[in-house]
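Remarks on the overall topology
Here is what each chain is made of, one letter per residue.
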Amino acid sequence: MRDSIPGLQDPDLSRRQSPNQLSHPGAHGRHYKKRCQGRMRKHVGDLCLQAGMLQDSLVHYHMSVELLRSVNDFLWLGAALEGLCSASVIYHYPGGTGGKTGARRFQSSSLPAEAANRHRPGAQEVLIDPGALTTNGINPDTSAEIGRAKNCLSPEDIIDKYKEAISYYSKYKNAGVIELEACVKAVRVLAIQKRSMEASEFLQNAVYINLRQLSEEEKIQRYSILSELYELIGFHRKSAFFKRVAAMQCVAPSISEPGWKACYKLLLETLPGYSLSLDPKDFSKGTHRGWAAVQMRLLHELVYASRRMGNPALSVRHLSFLLQTMLDFLSDQEKKDVTQSLENYTCKCPGTMELLTLPGGPTLPPVPFTKLPIVRHVKLLNLPASLRPQKMKSLLGQNVSTKSPFIYSPIIAHNRGEERNKKIDFQWVQGDVCEVQLMVYNPMPFELRVENMGLLTSGVEFESLPAALSLPAESGLYPVTLVGVPQTTGTITVNGYHTTVFGVFSDCLLDNLPGVKTSGSTVEVIPALPRLQISTSLPRSAHSLQPSSGDETSTNVSVQLYNGETQQLVIKLENIGMEPLEKLEVTSKILTTKEKLYGDFLSWNLEETLAQFPLQPGKVATFVVNIKVKLDFSCQENLLQDLSDDGISVSGFPLCSPFRQVVRPRVESKPVNPPEGSKPGDLSHVKTLEAILNFKYSGGPGHVEGYYRTLSLGLHVEAEPSVFFTRVSTLPATSSRQCHLLLDVFNSTEHELTVRARGNEELILHAGEYQRMAIQVDKFNFESFPESPGEKGQFANPKQLEEERQEAPGLDIDSKLDVHGTHPSLKRTGEASVEGLLNQLVLEHLQLAPLQWDVLVDGQPCDCEAAACRVGDPVRLEVRLTNRSPRSVGPFALTVAPFQDHQNGVHNYDLRDAVSFVGSSTFHLDAVQPAGRSACLGALLFLYTGDFFLHIRFHQDSASKELPPSWFCLPSVHVRALEAQA
């Protein structure tokens, strides 16, 4: 019981005092008497303090101090001073020094001023009334001494007296325990007074007190108490230091059975003192707190202690925490050592994301490796252009809210803006592979292997497809694409990713990643759609077409054709998805080109393909597209000039002597490589045509919801020149309804070429050869063409309407001529179009006149062949007029003048003795309405045999002057008069 009382000392210590203090010449001398009285007073004070007689103990301690100080009895003097301090502490802090304490509270209302003065430095007060002492059984002599006693110690005096007592204890080598206890008591008092710096001085003294022959348990207890006291005064790092010393003492080499569990527990208690928390989230906020070197040392000791405890999971967790939180402070060699140790541990016990419960009850949170690798940017990728779903357009927008009667509302717009910040404006498709791109960085000085890296999602059932990657040392930003397949529809949120690094499995959430940039993590998943894959019969092209709309072509093919050649493109449509392909639309678009195309560049018949629908998964349908290159076959003036310079005339050749000549190229005057800006008429110029085929398809649940996909096929066609028509002209034929079309043809290829028109023989042209061909054609009635769609109002553009009207005659003539060119050696055939060659003058020669004139001799049409008659027999002559114009014409007067052609350029019109008219030689035709007919009759009498020609001339009257001369094209009449029959 004595050991538990503050200030109570063992009297046997007096026997161990130094000799000069114990020796005295007179055993019953004055000093000895005072020493005995002082020690007795101190002993009585201890008893009073034990009995709760606080006021009496103060009196006895004061008197003991005075007596012992006078005789230099330092050991007992220190004990008396300690007792006086203890009694004063009890008075000032009745709650004690071990817990929450406060100043003494008086129940008497008559002492408020005294209570205030008690806490002021130097304040003094009389605590004991002599009368009260008499009632307590103390004799009157003692009460007189009490009356002379001083007040109890003030808070400042208590500390001074403690210092004095400790200084007295330090004089004795064997009083270390007492000195240590006094230091501890002083520290507790100073902690109440919030005087931390003075308390640290007492504790620093206590550290250096030499206590001999302490057991290991006592040493652990001593360091633990020091740690608690430092914690009490707010010296947390100092407290952690001594607690760590206590932990190391638990596993000292001198202990036969080291207490690793106690060591681990004490080490955990030191963490707050070093600003260390085992929650990795605390290290992702702001700057690093604490000394990293000390923290790493402590974490290494935790790893070692947990391993010696036989708990490898704890070792892995602490080592993972060390690598995650202290990565910036580890040297390159330390990083290698730590990762090597971690791999050794995880071989036996892999790291997980589960909470670990410690023996004492607290739990260790998981440690995700958010720095291995470091993620800087997360971006959800849209599907490839060929797989992106598109919503079918309707009259009312799908996104327009119908809750408000206004077209625009700022409240709705604000809400949409908030939603846009959360949800990305594209969609993913159920069952299709979706991608998320991460920009990662490897901070390690060696190659980092990341295994089982996949996505963490919520909202939709999602199948993540893990990936494995290897990042080079200090790689810088490196793109990594993580993929997965949504299995259901709805709204999916990408929350983060999971990895396995060094055997530790980590779930890394985007919310816990500092400094990560993202454009959104929520996207809508729509119902499944079919997937179309196309393959063609043509080789792939190295040219990637870029449509003006920004769409991308999934496949590009190329083909090389001669101008006018047609080739079939066979496209195989394969459904590689899981849904049936039900709908298909095909459109084409020709990219911007300077070349003039004639006819349909691309044509197809979709019904044959749709007959194979619905196309089930894994099935293939065939789609055929006809590619027809039909550019301008005319040649520019530079070529005509070259031909003329070579001594070749391109006009004036009679039909009876066709011209055949080989063009001699002048190498010295022509550059080998034509310039980039060469004209289209350059013979060596290869023209490029580009077009895009768009396949719009849908099916399955996505089709029900109104979604479809588009797939684009790029077509790159290189059109080489084949034949050129350098000049076109016409010659009249024997019939007024026919004419001869003259074409000057040039073979610009390096192969032999045969050219044939409908009804004509083949014309063989060698490489670089030039030749003229004549084609007899029937004149055309251009007014009888049906109306084009443009004339019916479909096209409002007048320019396009006029172009259609001008192209219609050339298209009809070209179809009637049907000119083809064939390369026998290449077995390739193509058309040779004259659409771009026919100028207005040629068209007028090829056009039937609006007024159709027919001449009949004896009822037989006379146009091509000679009409036979007998000399002396009257010959009936009839002239018919059919009005095909939209206006009324006539009346007309015609005169018939017979003549003979002597075949030398001389025409003899003086035939009064050879030909006689039965009646007048002038014929009269009345006015003819549109689509009407009229005829006039006459007769002739031939008096001699021979070949006669009839020249029918119109009178120059007002009716004929209003019409163009081409309208009065009458056929020539050839009559052969034969001998009269006997």
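The model shown is predicted, which means the values in this text are computed figures rather than measured ones. (Residues numbered from 1 in each chain as written. Predicted model: local features only at pLDDT ≥ 70, side-chain atom pairs only at ≥ 80, totals over all residues. Heavy atoms only, no water.)

Take the overall build of the chain next. Helices and strands together make up the secondary structure of the chain, namely 23 helices and 41 strands. For the chain, long-range pairs separated by at least 24 residues make up 73% of all intrachain contacts whose partners lie at least 6 apart in sequence. Split by element, the accessible area of the chain, about 51800 Å² in all, is 50% carbon and sulfur. (Helix = DSSP H or I, 4+ residues; strand = E, 2+ residues; numbered from the N terminus. Contact = heavy atoms within 4.5 Å. Areas by Shrake-Rupley, 256 points an atom, 1.4 Å probe, with all protein chains shown as cover.)

Further remarks concern the sheet that holds strand 10 (residues 478-486). Strands sit in the order 8-10-6-3-13 across an open sheet of 5 strands; the sheet is mixed. Because the sheet does not close on itself, it has two edges, and the strands there are strand 8 (462-465) and strand 13 (517-518). Sheet topology places strand 8 next to strand 10; 4 bridges connect them, and they run antiparallel. When the sheet's bridge partners are listed, glutamate 463 is paired in strand 10 with valine 485. (Pairing = 2+ DSSP bridges.)

Moving on to the sheet that holds strand 27 (residues 763-765). If you trace the 4 strands from one edge of the open sheet to the other, you get 27-26-29-30, paired in antiparallel fashion. Two strands lie at the open edges of the sheet, namely strand 27 and strand 30 (828-831), each paired on one side alone. The sheet shows a mean angle of 20 degrees between the axes of neighbouring strands, direction not considered. Here strand 26 (residues 753-756) runs beside strand 29 (residues 820-823); their pairing, made up of 3 bridges, is antiparallel. Following the sheet pairing, valine 755 is matched in strand 29 by glycine 821. (Axes fitted to C-alpha atoms, helices over the stretch in contact; angles between N-to-C directions.)

Before going further, it helps to spend a moment on the pairing of strand 29. Of the two faces of strand 29, only one is covered, namely that formed by Gly821 and His823; the face formed by His820 and Thr822 stays uncovered. Two elements, strand 29 and strand 30, share 4 bridges in a ladder whose sense is antiparallel. Pairing of histidine 820 across the sheet is with glutamate 831, part of strand 30. Connecting strand 29 to the next strand, strand 30, in antiparallel fashion are 4 residues, including lysine 827 with a positive phi near 55 degrees. (Buried < 20%, exposed > 50% of the residue type's maximum accessible area, 1.4 Å probe, protein only.)

As a further point, take the pattern of salt bridges. Counting across every chain of the model gives 17 salt bridges. Across the pair glutamate 301 and arginine 297 runs a salt bridge, and its minimum N-O distance is 3.3 Å. Pair noted here: glutamate 301 and arginine 297 are both in helix 14 (residues 292-308), with a separation of 4 residues, about one helical turn. For glutamate 301, a relative accessible area of 12% gives the class buried. (Salt bridge = Lys/Arg side-chain N within 4 Å of Asp/Glu carboxyl O.)

Further remarks concern the packing of helix 10 (residues 196-207) against helix 11 (residues 216-232). Relative to each other, helix 10 and helix 11 sit at 170 degrees, their axes nearing to 11 Å. Considering the angle they form, helix 10 stands roughly antiparallel to helix 11. Of helix 11, the residues touching helix 10 (which contributes Ser200, Leu203, Gln204, Ala206 and Val207) are Arg222, Leu226, Leu229 and Tyr230. (Parallel < 35°, antiparallel > 145°, perpendicular 65-115°, else oblique.)

Once that is clear, we can look at the packing of helix 15 (residues 312-325) against helix 16 (residues 332-348). It is at 10 Å that the axes of helix 15 and helix 16 come closest, and there the two elements cross at 155 degrees. Classified by the interaxial angle, the pair formed by helix 15 and helix 16 is roughly antiparallel. As for how helix 15 packs across helix 16, the hand of that crossing is left-handed. Contacts from Ser315, Val316, Leu319, Ser320, Leu322 and Leu323 of helix 15 reach helix 16 at Val338, Thr339, Ser341, Leu342, Tyr345 and Thr346. Here the contact of helix 15 with helix 16 is built from residues that sort into 7 nonpolar, 5 polar and no charged. (Left-handed = near helix turned anticlockwise from the far one by under 90°. Nonpolar A, V, L, I, M, F, W, Y, C, P; charged D, E, K, R; others polar.)

Attention now goes to the packing of aromatic side chains. As enumerated under the stated definition, the model contains 12 aromatic pairs in all. Every member of this aromatic cluster is reached through a ring pair, and the members are Tyr230, Phe235, Phe241 and Phe242. Above the plane of the ring of tyrosine 708 lies lysine 696, whose end atom (NZ or CZ) is 4.3 Å from the centre. (Phe/Tyr/Trp six-rings, centres within 6.5 Å; stacked < 30°, edge-to-face > 60°. Lys NZ or Arg CZ within 6 Å of the ring centre and 35° of its normal.)

As a further point, take the side chain of glutamate 179. By the element assignment, glutamate 179 lies in helix 9 (residues 176-192). In this structure, glutamate 179 is buried with no salt-bridge partner, the nearest side chain bearing the opposite charge being arginine 222 at 9.3 Å. Apart from the residues within four sequence positions on either side, glutamate 179 is in contact with Ile166, Tyr169, Ser170, Asn205 and Ile209. (Lys, Arg positive; Asp, Glu negative; His and termini not counted.)

What follows deals with the nonpolar core. In this structure, Tyr264, Leu323, Leu372, Trp428 and Leu438 are the most contacted members of the largest nonpolar core, which totals 82 residues. It is helix 14 that contributes the most residues to this core, 7 residues altogether. With residues up to four places along the chain from it excluded, the contact list for tyrosine 264 reads Leu302, Ala305, Ser306, Met309, Leu314, His318, Leu358 and Leu364. Tyr162, Tyr169, Val189 and Leu226 belong to the second-largest nonpolar core, a separate cluster that totals 43 residues. (Core = buried A, V, L, I, M, F, W, Y, C linked by side-chain atoms within 4.5 Å.)

Okay, helix 3 (residues 54-70) next. The terminal C-alpha atoms of helix 3 lie 25 Å apart, and with 17 residues this matches the ideal 24 Å at 1.5 Å per residue to within 8%. Within helix 3, 13 of the 17 residues are buried, which leaves it mostly tucked inside the rest of the structure. In the segment just after helix 3, asparagine 72 is the residue with positive phi, at about 55 degrees. (Expected span 1.5 Å × (residues − 1).)

Compared with an ideal rise of 1.5 Å per residue, which puts 15 residues at 21 Å, helix 12 (residues 236-250) spans 21 Å between its outermost C-alpha atoms and is within 8% of the ideal. For helix 12, every residue scored as buried is listed here: Ser239, Ala240, Phe242, Lys243, Arg244, Ala246, Ala247, Gln249 and Cys250. Close packing links the buried residues of helix 12 with helix 10, helix 11, helix 13 (260-270) and helix 14.

Before going further, it helps to examine the environment of methionine 453. Considering the arrangement of structural elements, one finds methionine 453 in strand 7 (residues 448-458). Taking C-alpha positions, methionine 453 is 9.2 Å from serine 464, a pair spaced 11 residues apart along the chain.

The omega torsion across leucine 372 and proline 373 is -5 degrees, close enough to zero to call that bond cis. Looking at the secondary structure, you find proline 373 in the loop between strand 2 (363-364) and strand 3 (374-380). Of the consecutive residues phenylalanine 613 and proline 614, the connecting peptide bond is found in the cis state with omega at -5 degrees. Locating proline 614 in the fold gives a position in the loop between helix 18 (606-610) and strand 20 (620-628). One non-glycine residue, asparagine 72, adopts positive backbone phi at about 55 degrees. Inspection of the secondary structure puts asparagine 72 in the loop between helix 3 and helix 4 (74-92). When its relative accessible area of 43% is taken as the criterion, asparagine 72 is described as partly exposed. We note that phenylalanine 502 has phi near 55 degrees; this positive angle belongs to a residue other than glycine. With respect to the secondary-structure elements, phenylalanine 502 resides in the loop between strand 11 (490-501) and strand 12 (504-509).

Turning our eyes to something else, we now look at the environment of serine 224. Looking at where serine 224 falls in the secondary structure, it is placed in helix 11. Separated by 22 residues in the primary sequence, serine 224 and alanine 246 place their C-alpha atoms 6.1 Å from one another.

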